[in-house]
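Observations on chain architecture
One letter stands for each residue in the lines below.
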Amino acid sequence: MTSYSNGGFFNHAYHDSETLEMDRRHSSKTHHTNPYASHDPASWGESSEFPGQTHGYDAVGRAPGGGWQGESWRGRESLPTRPDSTRQHDRNHSTFRTDRDSQYGRAPPYQLPSSVSGNMTMRWRRIAVRRMSMFPDADPAHVAFTEDAIKNEMENEEQDLVKELVAMSTRDRIRTIRDLLMSFEEKKHIRRQVEALKSSYKSRQFTRLADFSENVSLSVRRAGYTIKSTRQTLELWQGIMKEIGGKFGSSVLSYFVFLKWLLMFNIFSFLVNFGFITIPLLVHDPSPNIPQNVSFRGLELLSGAGYFTYTVMYYGGYSNETLEGLVEYNMQLAYFFTIAVYMVLCGIALIFSMASSFRQNYVVAESVSNSAWQLLCSWDFSVTNDKAVRQRRNNLSVQLKESLSEKAQRELPTRSEKLKHFGIHFGSWILSTGLTVGCGASIYYLCRYEQQRATDTENWSLSQEAETLLVPFVVSLMNLVIPLFYSLFNKFEHYSSQRTQIYALVVRNVFLRMVILAVLCYYWMNVVAEKFSCWESVVGQALYRLVIFDFLFLMLGSFFGEFLSNVIGTRLLLSLGIPEFDVARNVLELIYAQTLAWIGIYFSPLLPAIQILKLFLLFYLKKVSLTQNCQPPRRSGRAAQMQTIFIFLLFFPFFVGALSMVAYTAWTLNPSEQCGPFRGFNNTFSVVGVWMAELEEISSSQWAVWIYQNVIRSEIFYFLGTLIIIVIIYIFWHVTKGRQELIRLLRQQIINEGKDKSFLLEKLHDLQKSNLSRNPKQKKQKEHTKRHLDDRSSSSHSSSNAMVQALLARQQFEGEERRNAGGVPVPSDISTSSAVMQAMVARQRAEREQDDLYHMPDEYSSPDSALAQAFAARQRAKAQESDEDNGSSAVMQAMQARQRAEADRGLDTGDLPFPVSNVMIQVMQARQRAEEEDRIQWVPAPSQNTAPPGSSALIQAMLARREAQNEYDDGY
Amino acid sequence: MGNKQTIFTDEQLDAYQDCTFFTRKEILRLHGRYHELAPHLVPMDYTNDPDCKLPLALIVNMPELKENPFRNRIVESFSEDGMGNLSFNEFVDMFSVLSEMAPRELKAIYAFKIYDFNVDNYLCKEDLEKTLNRLTKEELTPEEVELVCEKTIEEADLDGDNKLSFADFENMISRAPDFLSTFHIRI
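Please read all numbers here as calculations on a predicted model, not as lab measurements. (Residues numbered from 1 in each chain as written. Chains lettered and ligands numbered in written order. Predicted model: local features only at pLDDT ≥ 70, side-chain atom pairs only at ≥ 80, totals over all residues. Heavy atoms only, no water.)

1. What about the overall build of chain B?
How we decide: Think of it this way: any DSSP run of H or I at least four residues long counts as a helix, any run of E at least two long counts as a strand, and we number them from the N terminus. Partly exposed describes any residue whose relative accessible area lies between the buried limit of under 20% and the exposed limit of over 50%, with all areas from a 1.4 Å probe on protein chains only and scaled to the type maximum. Contacts: residue pairs with any heavy atoms within 4.5 Å of one another.
Looking only at helices and strands, chain B has 12 helices and two strands in total. Starting at the N terminus, the α and β elements of chain B follow one another as α-α-α-β-α-α-α-β-α-α-α-α-α-α. Every one of the 187 residues in chain B was classed for burial, and the buried ones make up 62%. Restricting to contacts in chain B with at least 6 residues of sequence separation, those with at least 24 account for 55%.

Okay, here's the thing in structure tokens:
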């Protein structure tokens, strides 16, 4: 055994000529990702798993399923994230052959963290899955598995694991350990081993340096954990979030999470603006230059005009000077770059969170099967409130009953019904679009009217100031009332699914808000910018009013939307019931509020402060309103998908709209002549031009000028950039399509495998039945057969027992191997289909043989002889157990039996009725034959028996095992 | 920090932080919760790894689990003996997997274990029936239960063996993005 495995393993032909490139890569990748794995020359002899693997992967290459796996691996290799797997593979191969005696202390030639971790996940997976299925496995072939064997295997796995972990960076290691499917005790054990091993490497070289770096990394890690811990302490509203989640489930909670996320955004933007724009100004000149006749009247809190006009609240309050303090501080540049950098950072943050959300929630963009989903995925483990739990249970049973009855009596709608539905949809879309357009138009005319009345005087009278509140009032009122109409329309429409209904509602609301904001922006940029002397401040005031009124109406909205409908539902119209918290509507309100803040950032840099206050109060308001007035949602919707859509909405029309509005203002519009940092320029952006002109005189900053002239101002740069991006998008699009195809094919593969499996299992079942009836006869013949075993062994035709034989042979082989190898992992036969299949093939052949027997009773063939032979082989094996060197020959004999059975049947297979098994058999035979030839060339026959077939049987058994394992791994 | 430090040594806390998804503070909080369950059984001093296990009956009474229809299965899945006796380490494990940071794969494996009532590594009809009865408080008639279970298997079973293997289950989970947020218990 030992000599075989070495021979097989260090057989160059295997690596260089026989196998396909991808198979080799595969085999090396799964196991030897670092040279340490080959530390001990003795362990190679013991590690009978390794040669097994090599063969196993060969088999994969040749077996019918091989093309599949090849496909999937190639798919992986083409990933841009793993560019160096080929290199790594080469390294591994050289390691196999040359570094046999490399010691622990030897450093790895180079490390490839990305691909290592890629391999790791595959490996962890396998371990995890194997651990799951090792013990309760009811496969009869595994009766022979002793506890020792399993333990040995696990220990070996663990050793490999530890070695691989040692080779990783600290960060990767911790992450990998955390993701292991093990109990904490085991993880701790592994961690300790890793650390011991690591320190033993280090103690051999540069002890002091190693100690030092170890200490540093430990203290850095501890500091990191402390920071994380503190951040958790500082995290807002943890207890409240838990309470809400416990009572209302995660879909309602997602609103609050979103709110908190926006709050963080605004805190960041406030810090940036305040720190880089306001503080320098205040330090330089703390007193705002307010005209004598202007005083604080109180109405400013609502209107934002009057006294506030002259403070740092608005654009007009900032100077265009270069502040001379300890250092020169150019206000113009500071203003421009702070806003620009903030907008860019916001965009990046949004894109990242959107991308991660998409990745998580639209892994496969297909609607999941409904009742399976409801049964196994819909339960919200975070719900801890007994009432909520009761309600959820009720809802679920109602929903399940509904879906059952729907299925029972689903009938296609008649043509008139279809027409009616279409008519209602069409009508409500027309109506809602009309309402939206009407709102937009009325706001525009209202603004025009207001603009005619407003004067450009410095100080408005109180009534004039109050008049400015009209537009924000109307806008906020529309935002509150029109969505209610939309919800009303929605009640009359009958959508086929709840999701389309929600999407329709969301689309209408988004459209409404977009139209309103677009009209306002158009008015500000085209009318206000022409008329007022310090128009940026006027726009800033208008935005301030909108933000404040939006907040007031949000409060009103939760009063009307939740409190009133609660009162109505519980007192007046009991059929309405307690209202539910409408996550979609509330989130859209938040998105709208945030858009206002983004637009306002240029005109009123301190608007985020108001927004922070608003969101902070809103959180408590909504929390109280929710707990007092609402009940948990009746339908457990797809909250995660909705959240993705909301982040997308926040990005796409709203953030992009706000960004283009600000960019348009900065690039095209004339800044006002009398106030603000950009007075006197044609547009805001020209401040950069002026700065560059200044820089040109300083020779050390020529590079910045060069960049400005050749990159920022050149069309060709943008043209090329766009072109490249389009090409990249195109390529990725095709990669995605390829992946989709791959997923589809893999799924088909699983289905096919399942079919094969069930078919073969059925066959096995039939066979067992027929076997039972023949058993007594066989027993009688047993003695006789044994005696004539030697004469017959070459020509015996086993019939029904071929399969039994195969199983026995394999079992025995495995037992033998374990004894020889002293506890080397023998992968438990976790796989299902392919192992079964192989056994099945043997059985099928047996069946065919049976048929032949019935037709040709005279032929010299006893159905039981193969069985007897196998028994004999096993007996011999037992006898030789004590003799380690000869152990392998017993195995071989057992293998031989099976092999012969197979070889004999080979002739008959041409007309097998089942194409699947037919192909299998042929492939296996081809493989077997090829291996036989190989063996003869490369391996000296070490045993008394006819060695070449024996060894190839051994190989085949190993193949079977490896194949089973591969199959299982790749099944996922 | 004085009296907190005596519960665990720094090395122990490092090990916890390296092997679970929790920070030092959360570990201490978890210890507090664990101690709360049985103050006379659980020592305050964990520096020498005392061998102390709490029975299932005590653990399922935590407010976080009390109302959960699968509370017994959750605790059993994480206990080494399968009977639901949890040591503190297993207790930490349980909440680590159920925490927000745990990856989907890990969660899926344990969710599968939880739903696998008879521990045969398949979700067969029997398991699904038990799941359904827990989810609906046995309000459905046996025929309805039967129908729903059949439909579930039909929808999720890819390889046609009339029971859901882990592969089937994971495939289904991958198409149910909410799973990550719902298979989550805040501690």
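2. Observations concerning the overall build of chain A
Selection criterion: With residues, only the protein chains shown are counted as cover, and all accessible areas are computed by Shrake-Rupley using a 1.4 Å probe.
A tally of helices and strands in chain A yields 35 helices and two strands. In chain A, the proportion of contacts linking residues at least 24 apart, taken out of those at least 6 apart, comes to 81%. Here chain A has roughly 45,300 Å² of accessible surface; of this, 61% comes from carbon and sulfur atoms.

3. Quick word on helix 7 (residues 88-97) of chain B
Here helix 7 of chain B lies mainly inside the structure; 10 of its 10 residues are buried. Taken together, the buried positions of helix 7 of chain B are occupied by Phe88, Asn89, Glu90, Phe91, Val92, Asp93, Met94, Phe95, Ser96 and Val97 of chain B.

4. Concerning the environment of valine 662 of chain A
All names here are of chain A. Secondary-structure assignment places valine 662 in helix 25 (residues 639-667). Take valine 662: its relative accessible area is 7%, and that puts it in the buried class. Measuring from C-alpha to C-alpha, the distance between valine 662 and cysteine 521 comes to 10.0 Å, with 141 residues separating the pair along the chain. Setting aside residues up to four positions removed in sequence, valine 662 forms contacts with Ile339, Met343, Trp598, Ile599 and Tyr602.

5. Considering the packing of helix 23 (residues 583-603) of chain A against helix 24 (residues 607-629) of chain A
All names here are of chain A. Which entries qualify depends on this criterion: Every axis in this analysis is a line fitted to C-alpha atoms, fitted for helices over the stretch in contact. Angles between the N-to-C directions lie between 0 and 180 degrees. Angle categories: roughly parallel below 35 degrees, roughly antiparallel above 145, roughly perpendicular from 65 to 115, and oblique for all the rest. Helix crossings are classified by the rotation of the near helix relative to the far one: an anticlockwise turn of less than a right angle makes the crossing left-handed, while a clockwise turn makes it right-handed. Basically, the charged four are Asp, Glu, Lys and Arg, the nonpolar ten are Ala, Val, Leu, Ile, Met, Phe, Trp, Tyr, Cys and Pro, and anything else, Gly included, counts as polar.
Two elements in contact, helix 23 and helix 24, have axes separated by 9 Å at closest approach and are oriented at 165°. When the axis of helix 23 is compared with that of helix 24, the two are roughly antiparallel. Where helix 23 crosses over helix 24, the two elements pack in a sense that is right-handed. Taken together, the residues of helix 24 that come into contact with helix 23 (itself represented by Asn586, Glu589, Leu590, Ala593, Gln594, Leu596, Ala597, Gly600 and Ile601) are Leu607, Pro608, Gln611, Lys614, Leu615, Leu618 and Lys622. Among the residues making up the contact of helix 23 with helix 24, the classes are represented as nine nonpolar, four polar and three charged.

6. Re the pattern of salt bridges
This is how it is decided: For this analysis, a salt bridge means a side-chain nitrogen from Lys or Arg found within 4 Å of a carboxyl oxygen belonging to Asp or Glu.
Following the criterion strictly, the structure yields 18 salt bridges over all chains and no others. The salt bridge partner of glutamate 64 of chain B is lysine 242 of chain A, with a shortest N-O separation of 2.6 Å. With glutamate 64 of chain B in helix 5 (residues 63-66) and lysine 242 of chain A in helix 13 (residues 238-284), this residue pair bridges two chains. Judged by relative accessible area, lysine 242 of chain A falls into the partly exposed class, the value being 28%. Residue aspartate 550 of chain A is joined to lysine 614 of chain A by a salt bridge in which the shortest nitrogen-to-oxygen separation is 2.9 Å.

7. Structural notes on the interface of chain B and chain A
Note the following rule: What counts as buried area is the accessible surface, traced by a 1.4 Å probe, that two parts surrender upon association, with contributions from both included. Here a polar contact is taken to be a pair of N or O atoms separated by no more than 3.5 Å, where protein atoms must pair a possible hydrogen donor with a possible acceptor and residues adjacent in sequence count only if both atoms sit in side chains.
In this complex, chain B contributes 78 residues to the contact, which on the side of chain A involves 76 residues. Across the interface of chain B and chain A, roughly 7,300 Å² is buried in total on both sides, 58% from carbon and sulfur atoms. For the interface between chain B and chain A, the tally reads four salt bridges. The partner of aspartate 14 of chain B in a salt bridge is arginine 222 of chain A, and the shortest N-O contact between them spans 2.5 Å. Inspection of the chain B/chain A interface yields 14 residue pairs in polar contact (both at pLDDT 80 or more). Split by residue class, the side of chain B that touches chain A holds 37 nonpolar, 14 polar and 27 charged.

8. Brief notes about the UniProt feature "domain: EF-hand" (unreviewed entry) in chain B
Our working rule: UniProt positions are given in the numbering used here, feature names are shortened, and annotations may be inferred rather than shown by experiment.
Those residues carrying the UniProt feature "domain: EF-hand" (unreviewed entry) are residues 103-138 and 144-179 of chain B in this numbering. Regarding residues 103-138 of chain B, the helix share stands at 67% and the strand share at 0%, and the terminal C-alpha atoms are separated by 32 Å.

9. Section: the state of the cysteines
A covalent bond bridging the sulfur atoms of two cysteines is what the word disulfide describes. Residues and elements named next belong to chain A. Put simply, the rule is: Cysteine sulfur atoms are paired as a disulfide whenever they come within 2.5 Å of each other.
Applying the stated criterion across every chain yields a total of one disulfide over all chains. Here cysteine 534 connects covalently by a disulfide to cysteine 675, the sulfurs 1.7 Å from one another. Because the sign of the S-S torsion sets the handedness, a value of about 100° for the bond joining cysteine 534 and cysteine 675 places this disulfide among the right-handed ones. Here cysteine 534, found in the loop between helix 21 (498-531) and helix 22 (535-572), pairs with cysteine 675, found in the loop between helix 25 and helix 26 (686-696); they are 141 residues apart in sequence, far enough to count as distant. When its relative accessible area of 8% is taken as the criterion, cysteine 675 is described as buried.

10. Some words on the nonpolar core
Where we set the bar: Among buried residues, those of type Ala, Val, Leu, Ile, Met, Phe, Trp, Tyr and Cys that are joined through side-chain atoms within 4.5 Å constitute a nonpolar core.
Residues Tyr255, Leu520, Trp524, Ile591 and Trp598 of chain A are the most contacted members of the largest nonpolar core, which totals 118 residues. Among the elements that take part in this core, helix 21 of chain A stands out by supplying 16 residues, more than any other. Excluding its chain neighbours within four sequence positions, the residues that come into contact with isoleucine 591 of chain A are Phe258, Phe646, Leu649, Leu650 and Phe654 of chain A. Counting 90 residues, the second largest nonpolar core, distinct from the first, contains Leu161 of chain A together with Leu30, Leu54 and Leu164 of chain B.

11. Thoughts on the side chain of threonine 152 of chain B
All names here are of chain B. Mapped onto the secondary structure, threonine 152 falls in helix 10 (residues 142-156). Exposure remark for threonine 152: the relative accessible area of 0% places this residue in the buried category. Within the structure, threonine 152 has its side chain in polar contact with the backbone oxygen of valine 148 (distance 2.7 Å).

12. Some details on helix 25 of chain A
For clarity, the cut-off: Expected span of a helix, by definition, is 1.5 Å for each gap between consecutive residues, and there is one gap fewer than residues. In this analysis the local bend is the angle between axes fitted, respectively, to the seven residues ending at and the seven residues starting at the residue.
With 29 residues, helix 25 of chain A should cover 42 Å at 1.5 Å per step; its first-to-last C-alpha distance of 40 Å lies within 8% of that length. Phenylalanine 655 of chain A marks the point of greatest bend in helix 25 of chain A, at about 35°.

13. Describing the confidence of the model for chain B
Atomic detail in the predicted coordinates should be set aside for any region of low pLDDT. Residues and elements named next belong to chain B. Keep this limit in mind: Predictor confidence is given residue by residue as pLDDT, running from a minimum of 0 to a maximum of 100.
Here chain B averages 85 in pLDDT, while 97% of its residues score no lower than 70. Note that residues 1-5 has pLDDT below 50 and, in this model, four contacts with residues that lie over four places away or in other chains. The ipTM value of the predicted complex is 0.87, and its pTM value is 0.69.

14. Observations concerning the packing of aromatic side chains
Definition in use: Stacked, tilted and edge-to-face are the three classes applied to pairs of Phe, Tyr and Trp rings, where Trp contributes its six-membered ring and a pair requires centres within 6.5 Å; stacked means planes under 30 degrees apart, edge-to-face means over 60, and tilted covers the rest. We count a charge as sitting over a ring when the NZ of a lysine or the CZ of an arginine lies within 6 Å of the ring centre and within 35 degrees of the ring normal.
Per the stated rule, a full pass over the model turns up 58 aromatic pairs over all chains. Ring plane angle 55° and centroid distance 5.9 Å describe the contact between phenylalanine 336 of chain A and phenylalanine 685 of chain A, whose orientation is recorded as tilted. On the criterion of sequence distance, the pair formed by phenylalanine 336 of chain A in helix 15 (residues 331-361) and phenylalanine 685 of chain A in the loop between helix 25 and helix 26 is long-range, its members being 349 residues apart. Accessibility expressed as a relative area gives 15% for phenylalanine 685 of chain A, which makes it buried. Ring geometry for tyrosine 444 of chain A and tyrosine 445 of chain A: centres 5.7 Å apart, planes at 75°, overall edge-to-face. Under the relative-accessibility criterion, tyrosine 444 of chain A is labelled buried at 18%. When the ring centre of tyrosine 122 of chain B is taken as reference, the NZ or CZ atom of lysine 163 of chain B above it lies at 4.1 Å.

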